[in-house]
Amino acid sequence: HRLLARDVSRLLLGRNLECAQCHDHPTVVDYKQSEFFGLVAFLDRSYLYRDKKTNQSFLIEKGLGKPLEFTSVFTSESKKTGPQLLGGAMIEVPVFEEGKELQEASDKGGPPLPKFALRPLLAKQLTSQNRAFNRNLANRLWAMMMGLGVVSPLDMQHPANPASHPKLL
């Protein structure tokens, strides 16, 4: 789940939060450990499900989850977070009794679905008026067409690494 969060932050938000798994970034003030684990919380309930009838595999979500606890290696301070997208509000995740967290099975078969799914919420938050996502997408398209991003490297968008042409971005 940490690898998924790392890739989402780099590829979709233009922020390499990999070092924020263990601590706030030492030189990039905007790259926080809480932001990394906020992304992990969206993806932490994912698992590979194999349908025994069709032998197909699906990446789906468990219906239960709890806030993630993380500790900085620098301060040894423990914190908790739920699903939260880069500076956004934490999403309140409803708690269901064990065994009642999934929707009724479909007549068509397929994997069980949770009553409250986080990945569709992540997709919606990423793509609806998200400035980091929009800037990153524009920067990556520019780099594909012109050979160099307006912000370079592509996954290091932060105030200390400004765009070469801010109005263009």
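Before reading further, recall that the structure is shown in the block above.
Quick notes on the rules
- Residue numbers restart at each chain and count upward from 1, following the sequence in its written direction.
- It should be noted that, the model being predicted, local features are given only for residues of pLDDT at least 70 and side-chain atom pairs only at 80 or more, the latter also being counted only at that level, while totals for whole chains, interfaces and linings use all residues.
- The side-chain values count all of the structure's non-hydrogen atoms but skip hydrogen atoms and water molecules.
- Geometry of aromatic contacts follows a simple scheme: Phe, Tyr and Trp rings, the Trp one being its six-membered ring, pair when their centres are within 6.5 Å, and the pair is stacked under 30 degrees between planes, edge-to-face over 60, tilted otherwise.
- Partly exposed describes any residue whose relative accessible area lies between the buried limit of under 20% and the exposed limit of over 50%, with all areas from a 1.4 Å probe on protein chains only and scaled to the type maximum.
- Helix numbering and strand numbering both begin at the N terminus, where a helix is a DSSP run of H or I of at least 4 residues and a strand a DSSP run of E of at least 2.
- We call two residues in contact whenever any of their non-hydrogen atoms come within 4.5 Å of each other.
- Here, a disulfide means two cysteine sulfur atoms that sit within 2.5 Å of each other.
- Note on method: axes are straight lines fitted to C-alpha atoms, helices fitted across the in-contact stretch only, with angles between N-to-C directions ranging 0 to 180 degrees.
- When an angle is under 35 degrees it counts as roughly parallel; over 145 it counts as roughly antiparallel; between 65 and 115 it counts as roughly perpendicular; any other value is oblique.
- Note on residue categories: nonpolar means Ala, Val, Leu, Ile, Met, Phe, Trp, Tyr, Cys or Pro, charged means Asp, Glu, Lys or Arg, and polar means any other residue, Gly included.

Draft legend 1. Broad picture of the packing of aromatic side chains. This model, assessed by the stated rule, comprises 2 aromatic pairs. Residues Phe-36 and Phe-37 carry aromatic rings whose centres are separated by 5.3 Å and whose planes lie at 85 degrees to one another, so their mutual orientation is edge-to-face. Owing to a relative accessible area of 4%, Phe-37 belongs among the buried residues under this scheme. Consider the rings of Phe-37 and Phe-70, whose centres lie 4.9 Å apart with planes at 0 degrees: the pair is stacked. Of this pair, Phe-37 sits in helix 2 (residues 33–43) while Phe-70 sits in strand 3 (residues 68–71), and the two are 33 residues apart along the sequence. Cluster of aromatic residues (ring-pair linked, three or more members): Phe-36, Phe-37 and Phe-70.

Draft legend 2. Broad picture of the environment of Ala-20. With respect to the helices and strands, the residue Ala-20 is situated in the loop between helix 1 (2–13) and helix 2. For Ala-20, a relative accessible area of 1% gives the class buried. Residues Ala-20 and Ser-34, 14 residues apart in the sequence, show an inter-C-alpha distance of 8.0 Å. Not counting the four nearest positions on each side in its chain, Ala-20 is found in contact with Lys-32, Gln-33, Phe-36 and Phe-37.

Draft legend 3. How the structure looks around the state of the cysteines. Applying the stated criterion across every chain yields a total of 0 disulfides. Of all cysteine sulfurs, the one in Cys-22 lies closest to Cys-19, which takes part in no disulfide; the gap is 7.8 Å. Cys-19 gets classed as partly exposed once you look at its relative accessible area, which sits at 27%.

Draft legend 4. Representation of the packing of helix 2 against helix 3 (residues 119–127). Taken N-terminus to C-terminus, the directions of helix 2 and helix 3 make an angle of 130 degrees; their axes are 8 Å apart at the nearest point. Relative to helix 3, the element helix 2 lies oblique. Only Arg-119, Leu-121, Leu-122 and Gln-125 of helix 3 make contact with helix 2, whose side of the interface consists of Leu-39, Phe-42 and Leu-43. Across the contact of helix 2 with helix 3, the residue classes break down as 5 nonpolar, 1 polar and 1 charged.

Draft legend 5. Focus on the environment of Leu-122. With respect to the helices and strands, the residue Leu-122 is situated in helix 3. The class of Leu-122 is buried, set by a relative accessible area of 6%. Excluding residues within four positions of it along the chain, Leu-122 makes contact with Leu-39, Phe-42, Leu-43 and Leu-85.

Note that every value here comes from positions in space, so none of it alone points to a role or purpose.
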